[in-house]
Amino acid sequence: MLKDVLKELSEIRVLSTSLIAKKLNTSEALVEEIIQQLYRMEYIKNDEGCATSDVKCSSCAYKSMCTSTPIKTISITDKGKTLLKKL
Amino acid sequence: MNTIALVGNPNSGKTTLFNALTGSNQHVGNWPGVTVEKKEGKFKYKGNQYNVVDLPGTYSLGAYSEDEVVARDYILKGNPDIVINVVDATNIERNLYLTTQLMEMGVKVIIALNMMDEAKQKNIEINLDKLSKELGVPIIPTVAAKSQGLDLLIDKSIDSIKKEKYSNKSFSYGKDIDSEINEIEKILDNLDLQYPKKWIAVKLLEGDKEIYSLLSKKASQPIKDRLIDIEEKSSEYELEIVDKRYEFIGNIVNQSIKKPSEERETVTDKIDKIVTHKYLGIPIFALIMFLVFQLTFVIGQDLLGGYVADAIESMGEFVVSLLENINSPEWIISFLSEGIFGGVGAVFEFVPLIMVLYFFLGILEDTGYMARAAYIMDGFMRRLGLHGKSFISMIIGFGCNVPGIMSTRTLDNKKDRMIALLINPFMSCGARLPIYLVFIAAFFPSHGGIVLFTLYALGIIMALIMGKIFSKTLFKGESSHFIMELPPYRLPIFKYVLKDMWSKVWDFLHRAGTIIFFVVSILWVLSVLPFGVEPYSQESILGRIGTILSPIFIPAGFGTWQATVSLFAGIAAKEAVVAILGMVYAGVSEGTALVSAIQNVFTPLTAVSFMVMVLLYTPCAAVIGTVKHETKSIKWAAFMAIYPFVMGWILSVIVYQVGSLLGF
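Residues numbered from 1 in each chain as written. Chains lettered and ligands numbered in written order. Predicted model: local features only at pLDDT ≥ 70, side-chain atom pairs only at ≥ 80, totals over all residues. Heavy atoms only, no water.

Looking at an unreviewed UniProt entry, one finds chain B named Ferrous iron transport protein B and attributed to Tissierella pigra.

Per an unreviewed UniProt entry, chain A is named Transcriptional regulator HTH-type FeoC domain-containing protein, and its organism is Tissierella pigra.

Encoded structure:
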């Protein structure tokens, strides 16, 4: 299941857990949980396009000049890419 | 006294349950050696006292975080008499992962299926008997927030404590892994370990660093060698084990839980069908941005415009007359009237327009539309061979190019990062706005929206063209893949939009009051020296510097020393362009507004070519410094100073020359 979700993530541009769930014939909630597990296992990572993503927006020195609603993206890590190559 | 440990996901209601059981009879400290909070309490039930430990909320019991290690160490070494696993009934799939790991530990577990009231509201039907049978543990429905189900929970917990054996079900990880587990258990047979051997075997196969470290200290060399073999294959085993857990959870959920159908098209989906359409997406984005700029002028200029300008003019005249009445030296009057009120004041006049623009951009961000804009542009940019994530840093660059450039750090691929970094300054930052607004007010007062839209669009087009050129020349290679999360649309929360708008405007005012003040002060001195020359004339030091450099801009149509010095002052800070123009062309004491002065010196065509130069030329010193810092290379910082200047010059010359040929 994890590999299937990771493979789906490698092929899409926008995250839609409902579409992934439909394709894999499972529930959205389970897909969401698996995505969180992929984060924990460091197969994927996310960022909010921030210059200082290890600092909360409220304490960031650039908050007055930055976007107020960061856009979140997910990318596949090297560990994830290695796994995808094996699939 | 029996001890009960509470474990569960964050937000499952675990702490609510803890508080409901213990009331005020609790103690908060830290787990030894770590910064993780430890909560313990006591309660009395049917004449007996019980100890309760509220373990840190975790999603699993691996070694991914300090919280997880603390929780699992307590469960295995702290010897609680029973573990109550608090599970959120509205989100069972997520919560059961932890449950499967508790089952592997071989401890006595009872599940408090919490938030049953919310599950009922969401029409989630749970077959408790089936779920209990599949998991092999008792399940008690609770609503901890209302203290419902707690008596039954405690009764069942006491029953479980009294039982000799736990009844957790174990499950198979597949033939290969089960066989590995059996083999490892045999290897560990003679070792004195505090943890169940089967659990250790599973952890070793998962590559758990904590367990490897523990065994390395206790095991003999042959066992250590075997551990190395296992560790090498652990990433594959880990995946299989985790997959089996989810397969188990998936099966249980299918059999025991019924949720309302998820096949509903939300409002967000309906809007996105149009807004992110393959062909309509970009035109819709362009239209929305045009409307934003148009509204900015209607509200910011037509309705609110003039108030600030009048206020600054009145304030300046008041200060000048006050100083004249007390016979102040002429140079002080000149500095304040032409330098500060004429220069810095010229920047402040456009605050209403800037406020309105930031307000509308804030609404677009807060509703979630800007994420769609990034998605639409991502698709377009990928077709050009550019990394779509660059557009996210470009959106940030519309506010200020400094965080825009810094945000390129999130691009892992060096090629993508360098291209995004080098094209970011073509995003017209907030500091350039006053410059455009002055020239629009002078020559295009009825077409402000379209002029501003055209300038921003030109910046984006130039960024894409240069990005394409860089990707084919300096930075060849494949772009990396990424997925965007589009948040659901929501109505903007005006409190936050206004707060954000004010934060940006305040930053603008702060810069005007500090950096611009400093730049204007220095240039004012240069514009009145040497002594004896007419202030702000070509014979001043500033005038002479400008005269030497101005021939560069003759082909672009604005080869005057005043325009030249203002452009070079803009390299310190872009707002300084307007401040310097205000200082050299107008002064409060002369009663000549900057806009009128510009109308006498520029033409509509040269105004356009000047604005194109401002849009594209060398970014401010802060941006150049940021490039140096991010690339750790003076070469790239110098490149960033020079190539936009060249691009800006080329474009502005083309605009002027072609415009002249066409008779404008």
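From this point, the narrative continues.
(A) Broad picture of the overall build of chain B. For chain B, the helix and strand inventory stands at 29 helices and ten strands. In terms of overall size, chain B is more extended than a compact globule, its C-alpha atoms giving a radius of gyration of 35 Å where 664 residues would be expected to give roughly 26 Å. Classification of the 664 residues of chain B by burial places 55% in the buried group. Across chain B, the fraction of contacts at a sequence separation of at least 24, relative to all contacts at a separation of at least 6, is 74%. The distance from the centre of the 61 positive side-chain charges to the centre of the 66 negative ones in chain B is 6 Å. (Helix = DSSP H or I, 4+ residues; strand = E, 2+ residues; numbered from the N terminus. Rg over C-alpha atoms; globule rule 2.2 N^0.38 Å. Buried < 20%, exposed > 50% of the residue type's maximum accessible area, 1.4 Å probe, protein only. Contact = heavy atoms within 4.5 Å. Lys, Arg positive; Asp, Glu negative; His and termini not counted. Charge placed at Lys NZ, Arg CZ, Asp CG, Glu CD.)

(B) The arrangement of the interface of chain A and chain B in detail. Each partner contributes to the interface: chain A provides 45 residues, whereas chain B provides 52 residues. For the chain A and chain B pair, buried surface summed over both sides reaches about 4500 Å², with 57% attributable to carbon and sulfur atoms. At the boundary of chain A with chain B, the tally comes to four salt bridges. We note a salt bridge from Asp378(B) to Arg13(A), for which the minimum N-O separation is 3.1 Å. Where chain A packs against chain B, one counts 14 residue pairs in polar contact (both at pLDDT 80 or more). At the level of secondary structure, the elements contributing two or more residues to the side of chain A that touches chain B comprise α1 (2-11), α3 (28-40), β1 (44-47), β2 (73-76) and α4 (78-86) of chain A. Looking at which element gives the most residues to the side of chain A that touches chain B, the answer is α3(A), with ten residues. Of the residues belonging to the side of chain A that touches chain B, the class tally is 21 nonpolar, eleven polar and 13 charged. Here two bridges tie β2(A) to strand β10 (residues 483-484) of chain B, and the two strands are oriented antiparallel to one another. (Buried area = accessible area lost by both parts, 1.4 Å probe. Salt bridge = Lys/Arg side-chain N within 4 Å of Asp/Glu carboxyl O. Polar contact = N/O pair within 3.5 Å; in protein donor to acceptor, adjacent residues only side chain to side chain. Nonpolar A, V, L, I, M, F, W, Y, C, P; charged D, E, K, R; others polar. Pairing = 2+ DSSP bridges.)

(C) Focus on the packing of aromatic side chains. The full count for this structure, using the stated rule, is 28 aromatic pairs over all chains. An aromatic cluster is built from Phe439(B), Phe553(B), Phe558(B), Phe568(B), Phe602(B), Phe610(B), Tyr617(B) and Phe645(B), whose rings are joined through pairwise contacts. A cation sits over an aromatic face here: Lys79(A) above Tyr43(A), 4.7 Å from the ring centre. When the ring centre of Tyr489(B) is taken as origin, the NZ or CZ atom of Arg372(B), which lies over that ring, is 4.0 Å away. (Phe/Tyr/Trp six-rings, centres within 6.5 Å; stacked < 30°, edge-to-face > 60°. Lys NZ or Arg CZ within 6 Å of the ring centre and 35° of its normal.)

(D) Spotlight on the domain arrangement of chain B. Taken domain by domain, chain B consists of domain 1 (2-162), domain 2 (175-258) and domain 3 (282-475 + 493-661). Of note, the centres of domain 1 of chain B and domain 3 of chain B, computed from C-alpha atoms alone, are 58 Å apart. (Domains from an automatic or database assignment.)

(E) Structural view of the sheet that holds strand β3 (residues 37-45) of chain B. Residue and element names in this part refer to chain B. Strand order across the open sheet formed by seven strands is β2-β3-β4-β1-β5-β6-β8, with mixed pairing between neighbours. The open sheet has two edge strands, β2 (26-30) and β8 (139-141), and neither has a second partner. Averaged over all pairs of adjacent strands, the angle between strand axes in this sheet comes to 25 degrees, irrespective of strand direction. Across five bridges, the pairing between strand β1 (residues 2-8) and strand β5 (residues 82-88) is parallel. Bridging across to β5, isoleucine 4 finds its partner in isoleucine 82. Most of the contacts of helix α3 (residues 92-105) go to β5, to which it runs at about 165 degrees, and overall it touches β1, β5 and β6 (109-114). (Axes fitted to C-alpha atoms, helices over the stretch in contact; angles between N-to-C directions.)

(F) Structural context of helix α7 (residues 175-187) of chain B. Residue and element names in this part refer to chain B. Taking 1.5 Å per residue as the helical rise, α7 with its 13 residues ought to reach 18 Å, and the 19 Å between its terminal C-alpha atoms agrees with that figure. Of the residues making up α7, those classed as buried are Ile177, Glu180, Ile181 and Ile184. End-on, the buried residues of α7 take up no more than an arc of 100 degrees, which puts them together on one face. Turned more than 90 degrees away from the buried face of α7 sit Lys175 and Lys186, all of them exposed. (Expected span 1.5 Å × (residues − 1). Arc of directions from axis to C-beta.)

(G) Layout of the pairing of β3(B). Residue and element names in this part refer to chain B. Relative to β3, β2 is paired through five bridges, and the arrangement is antiparallel. Following the sheet pairing, glycine 29 is matched in β3 by lysine 38. In this antiparallel pair of consecutive strands, β2 and β3, the connection spans six residues, and glycine 33 shows a positive phi of 80 degrees. In this sheet, strand β4 (residues 48-54) lies alongside β3 in antiparallel orientation, the contact comprising seven bridges.

(H) Seen up close, the nonpolar core. Residues Phe439(B) and Phe610(B) are the most contacted members of the largest nonpolar core, which totals 129 residues. The element that contributes the greatest number of residues to this core is helix α22 (residues 494-528) of chain B, accounting for twelve residues. With near-sequence residues (within four places) excluded, Phe610(B) lies in contact with Ile435(B), Phe439(B), Phe558(B), Ala563(B), Ser566(B), Leu567(B), Val577(B), Leu581(B) and Phe602(B). Core analysis: the next-biggest nonpolar cluster, separate from the first, contains 87 residues, Leu30(A), Leu38(A), Ile74(A) and Trp31(B) among them. (Core = buried A, V, L, I, M, F, W, Y, C linked by side-chain atoms within 4.5 Å.)

(I) Main features of unusual backbone geometry. All names here are of chain B. In this structure, the amide linkage connecting leucine 529 to the following residue, proline 530, adopts the cis form with an omega of 0 degrees. One non-glycine residue, asparagine 123, lies in the positive phi region at around 60 degrees. Inspection of the secondary structure puts asparagine 123 in the loop between α4 (116-121) and β7 (125-126). The class for asparagine 123 is exposed, based on a relative accessible area of 53%. At asparagine 327, a position not held by glycine, the phi torsion is positive, near 55 degrees. Inspection of the secondary structure puts asparagine 327 in the loop between α13 (307-325) and α14 (330-348).

(J) Expanded view of the packing of α14(B) against helix α25 (residues 576-585) of chain B. All names here are of chain B. Two numbers describe how α14 lies on α25: the axes approach to 7 Å, and their chain directions differ by 140 degrees. Classed by the angle they form, the pair α14 and α25 counts as oblique. Note on packing geometry: the crossing formed by α14 with α25 is right-handed. Where α14 abuts α25, its residues Glu338, Gly339, Gly342, Gly343, Val344, Ala346 and Val347 lie against Val578, Ala579, Gly582 and Met583. (Parallel < 35°, antiparallel > 145°, perpendicular 65-115°, else oblique. Left-handed = near helix turned anticlockwise from the far one by under 90°.)

(K) View of the pattern of salt bridges. Counted by the stated rule, this structure contains 25 salt bridges over all chains. Here Glu8(A) makes a salt bridge to Lys23(A), at a shortest N to O gap of 3.3 Å. Note that Glu8(A) is positioned in helix α1 and Lys23(A) in helix α2 (residues 17-24), a separation of 15 residues in sequence. A residue is classified by how much of its surface remains accessible, and Lys23(A), at 56% relative accessible area, is exposed. The residue Lys203(B) makes a salt bridge to Glu206(B) at a minimum N-O spacing of 2.8 Å. You can call Lys203(B) buried: its relative accessible area is 1%. Given a relative accessible area of 10%, Glu206(B) falls into the buried group.

(L) Quick look at empty space enclosed by the protein. Residue and element names in this part refer to chain B. Counting across every chain of the model gives three cavities of 30 Å³ or more. Along the wall of the largest cavity there are 20 residues; nearest its centre are Gly399, Cys400, Gly430, Ala431 and Arg511. Contributing elements (two or more residues each) for the lining of the largest cavity: α18 (401-406), α22 and α28 (621-631). Looking at the lining of the largest cavity element by element, the count peaks at four residues for α22. Residues of the lining of the largest cavity, tallied by class, amount to ten nonpolar, four polar and six charged. In this structure, the second largest cavity encloses a volume near 50 Å³. Of the residues assigned to the lining of the second largest cavity, the class counts are two nonpolar, five polar and two charged. (1 Å grid on protein atoms, 1.4 Å probe; cavity = no way out; pocket = protein on both sides within 12 Å on 5 of 7 lines; lining within 4 Å. Points joined across faces, edges and corners; volume = space filled by probe spheres on them.)

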